[in-house]
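Each chain is listed here by its residues.
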Amino acid sequence: VRVPVIAAAGVSPGGRGARGVAAIAPSTATPLASTHPGVPARAITDELLGDTVPVRARKTMARGALLAATAMADLVRALGPGRAAGAGCFLGVGASAGAMPDLHAMLGAAIVDGAWSIARFGGPGLAACNPLLAFQLMNNFTMCHAAIQEGVSGPSGAYFSRGAGTVAALRAAVDSVGDGDCAIAIAGGADSALHPVTWAEMVRDGRGECVPGEGAGLIAIGDGNAIAVITVIATAPAIDRALIDRAVADRSEIVIAAPAAVRALVAERGVAIHDAGAAIGEALAATPALAWLTGLERIAAGAARVAILTVDGDGALGVVALEAP
Amino acid sequence: VTARRVVVRGVGAWSPLATTWPATAEALAAGASAVAPVTAWDASEFPCRVAAACTVDSGEGEDRRRPLARAAAREAWQAAGVSRGRIGVFIGAESGRASFRTVLELGRAAGAGGRFDAAAFAVRARAFAARIDASVISPAAIAADLAREVNATGPVLTVSLACASGAAAIDVALAGGVGADAEPLMLAGFGLLGALSARGESCPFDQRRDGFVVGEGAAMLVLTAADVAGAPPSCEIAGVGRSLDGYRLTAPEPDGDGAARAIATAMADAREEVVEHVQAHGTSTPLNDPAEIVALRRALGAAFECAQVSSVKGAVGHWVAGAGAIGALCAIDAIVHQRVLPTAGLRAPDAPCAARHVMGRAVACDVRAALVNAFAFGGANASLVLRRWEGA
């Protein structure tokens, strides 16, 4: 199914919008002393986020939700007045994680005479915690916060994602438009790999060489003036050479966020490659969506047919195609 | 293109009332409730000291969701009698949680007591993380586990829509939801929200309701296209509707607009104007219950007065990611056994929640079509219409 892309928005360490992803420079990877001592990371600055999301709302949001809400505000503005209200919303979301200081405060308040008391955890522990912590804990809140901020109220789906789930979210959005459930659907992903626990898990999984990143990428598809036409070619639970060959065939350019082995497979075909993954780092659920934005930039620059290949940390493959309208 | 009709071939559940769906259904029909004081840990200072917990020894690490989901899935597959061809798995699940032993280690990694020491955590957490079973933490672990169980070669997706997850996940193949939230962190989290019953009662739509009670369990369905061989269909998935409130994170729209749109979409999708049973989301919270009734009246109009209404949460608490799926099983029971299971705990319906409530025990009812609601924190709504299978 081929569906028009009518708007796009994103936030990444390189800035807001699709151009921001393209503008990420290697120099933006800087050690984050507070959470990742000595580890180069790509973080989005508070300055870049600005005051798009009101301070009061920000206090209720985990990082992924804040990034999603920021990108959603930009996307809704790009769509124009009244167009987002009935839109569907289908996002790949990561495992939401609460602020560590809050959890730590809860645990600390539950210690009596050096011993931890589970009963006190439920009393003084709760009292010691920012009550807004609970708003940060559910994965679907990444989507719901953004929808609430911008009044998006169509059919929805939040798909757990370390990458591939974001492509599944796009497919659901395409189906929703195709089935007539909504005239416009918003699809994408938002996530941050900068949470201390997330980073510890990545190290545990043998991915300590990754550059942890973060971001949010959203596209709007459906009725409107097309800036590109998008097709979800396929997803697969593992790297599939035949699928990659199919994706690459007949494309003028390839945007890729995948391990070196996959890049090598594509390089054999002699097609122009844009390594979005090297710029984005490991942004988990956000990575594919940010790569789509890179693809849109290539279309805007004159490319006729672009395929976007993403492979997540579990080895799952997603292939999306963009064409000039 | 004509969509293939989808039917339910088999169901399974592990609930706090029983370890199979038939036994659970009979207990529900008799008006039983699994809500009881928490005994698994000292909950004396928690804001809510009751839960509807499953007795399950995971025996394989810390994730209690997995044995619950696997048992329910096996029961459903056995009942479905389908050959194992190309199978997809669609599971509603939120994040797993590490045990308190792990949480404590996490705290110590950050310098235990006083200020969170991020630098200390970053150094020590690497050793700590190596001991965490990734499958305990990942929401995707359940779907992956069940995919291996049924040799799925089709799509394997985890839908994270909190309380609406299970219903939204029902699409094709093995679908359902699981929640195992009767544990300290979630009681603390929901306590922070002020969403739990301080009175310790789960009594949806009742005048006494003051919050929900955490429950847990797994409910699974095997869905196939109608032309696929298998056990006789128990009903068909006739309609699906989804919407977002876009209103507030923990409160429904008072006029029920978002929920009404999900219900109306599901009814239109099913081409039905009347359902004999509504399996309500019915959380037992002061705001949600009347908002759901308002939404039902708006969406169903006069037909709402004909529908028998109940909520399984009175008996088994709120399963969060599994809530929609267990609600679907109750609606299927209504169609198969021609009875509507009661809302345990409901004795005196609140005026704003007025409806044809089923109280006490199950009542006989000729149910041809039933509506299932699942309305999540965050305002993500999902409704299903299930209909008696009368052949192609």
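Up top you'll find the structure we're talking about.
Figured I'd write up the structure that's included with this text. Sequence order as written defines residue numbering, which begins from 1 separately in each chain. Chain labels run from A onward and ligand labels from 1 onward, assigned in the order the entries are written. Two thresholds apply to this predicted model, a pLDDT of at least 70 for residue-level local features and 80 or more for giving and counting side-chain atom pairs, whereas whole-chain, interface and lining totals are computed over all residues. Based on all heavy atoms of the structure, the side-chain values leave hydrogens and waters out of the count.

### Some thoughts on the pairing of strand S8 (residues 156-160) of chain A
All names here are of chain A.
Alright, step 1. For S8, a buried count of 5 out of 5 residues is recorded, marking the element as mostly surrounded by other parts of the structure.
Alright, step 2. Burial along S8 is two-sided: Ser156, Ala158 and Phe160 facing one way and Gly157 and Tyr159 facing the other are all buried.
Alright, step 3. Any two strands with at least two DSSP-identified bridges between them are counted as paired. The helix and strand labels rest on DSSP assignments: H or I over at least four residues marks a helix, E over at least two residues marks a strand, and numbering proceeds from the N terminus. The pairing of strand S5 (residues 88-93) with S8 spans 5 bridges and is parallel. Within S8, the position partnered with glycine 92 by the bridge is tyrosine 159. Per-residue accessibility, obtained with a 1.4 Å probe over protein chains only, is compared with the maximum for each type, and a residue is labelled buried under 20%, exposed over 50%, and partly exposed between these values.

### Side note on the packing of aromatic side chains
Residues and elements named next belong to chain B.
Alright, step 1. Whether two aromatic rings pair depends on their centres lying within 6.5 Å, for rings of Phe, Tyr and Trp, where Trp uses its six-membered ring; planes under 30 degrees apart make the pair stacked, over 60 edge-to-face, and the rest tilted. Taken as a whole and judged by the stated rule, the model has 5 aromatic pairs over all chains.
Alright, step 2. Judged by centre distance (5.7 Å) and plane angle (25 degrees), the rings of phenylalanine 190 and phenylalanine 377 are stacked. Of this pair, phenylalanine 190 sits in helix H8 (residues 184-193) while phenylalanine 377 is found in the loop between strand S14 (369-375) and strand S15 (380-387), placing the two residues 187 residues apart along the sequence.
Alright, step 3. Overall, phenylalanine 190 belongs to the buried group, its relative accessible area being 2%.
Alright, step 4. Phenylalanine 377 sits in the buried class, given a relative accessible area of 13%.

### Observations concerning helix H11 (residues 260-267) of chain A
What sets the pattern is the α-helix's 3.6 residues per turn: residues three or four places apart point alike.
Alright, step 1. Those residues of H11(A) lying buried are A:Val262, A:Leu265 and A:Val266. Viewed along the axis of H11(A), the buried residues span an arc of 95 degrees, placing them on a single side of the element. This arc corresponds to the set of directions leading from the helix axis out to the C-beta atoms.

### Section: the packing of helix H2 (residues 65-80) of chain B against helix H6 (residues 140-149) of chain B
Residue and element names in this part refer to chain B.
Alright, step 1. Relative to each other, H2 and H6 sit at 40 degrees, their axes nearing to 10 Å. By the angle class used here, H2 and H6 are oblique. Regarding H2 and H6, the two cross each other, and that crossing is right-handed. Facing H2, whose interface residues are Arg65, Arg66, Ala69, Arg70, Ala73 and Arg74, H6 presents Ala141, Ile142, Asp145, Leu146 and Glu149.
Alright, step 2. Think of it as three bins: nonpolar holds Ala, Val, Leu, Ile, Met, Phe, Trp, Tyr, Cys and Pro, charged holds Asp, Glu, Lys and Arg, and polar takes everything else, Gly as well. Considered class by class, the residues forming the contact of H2 with H6 number 5 nonpolar, no polar and 6 charged. Angles run from 0 to 180 degrees between N-to-C directions of axes, and those axes are lines fitted to C-alpha atoms, restricted for helices to the stretch in contact. An angle below 35 degrees is read as roughly parallel, one above 145 as roughly antiparallel, one from 65 to 115 as roughly perpendicular, and any other as oblique. For a crossing to be left-handed, the near helix must be turned anticlockwise from the far one by less than a right angle; the clockwise case is right-handed. In what follows, residue pairs with any heavy atoms lying within 4.5 Å of each other are defined as contacts.

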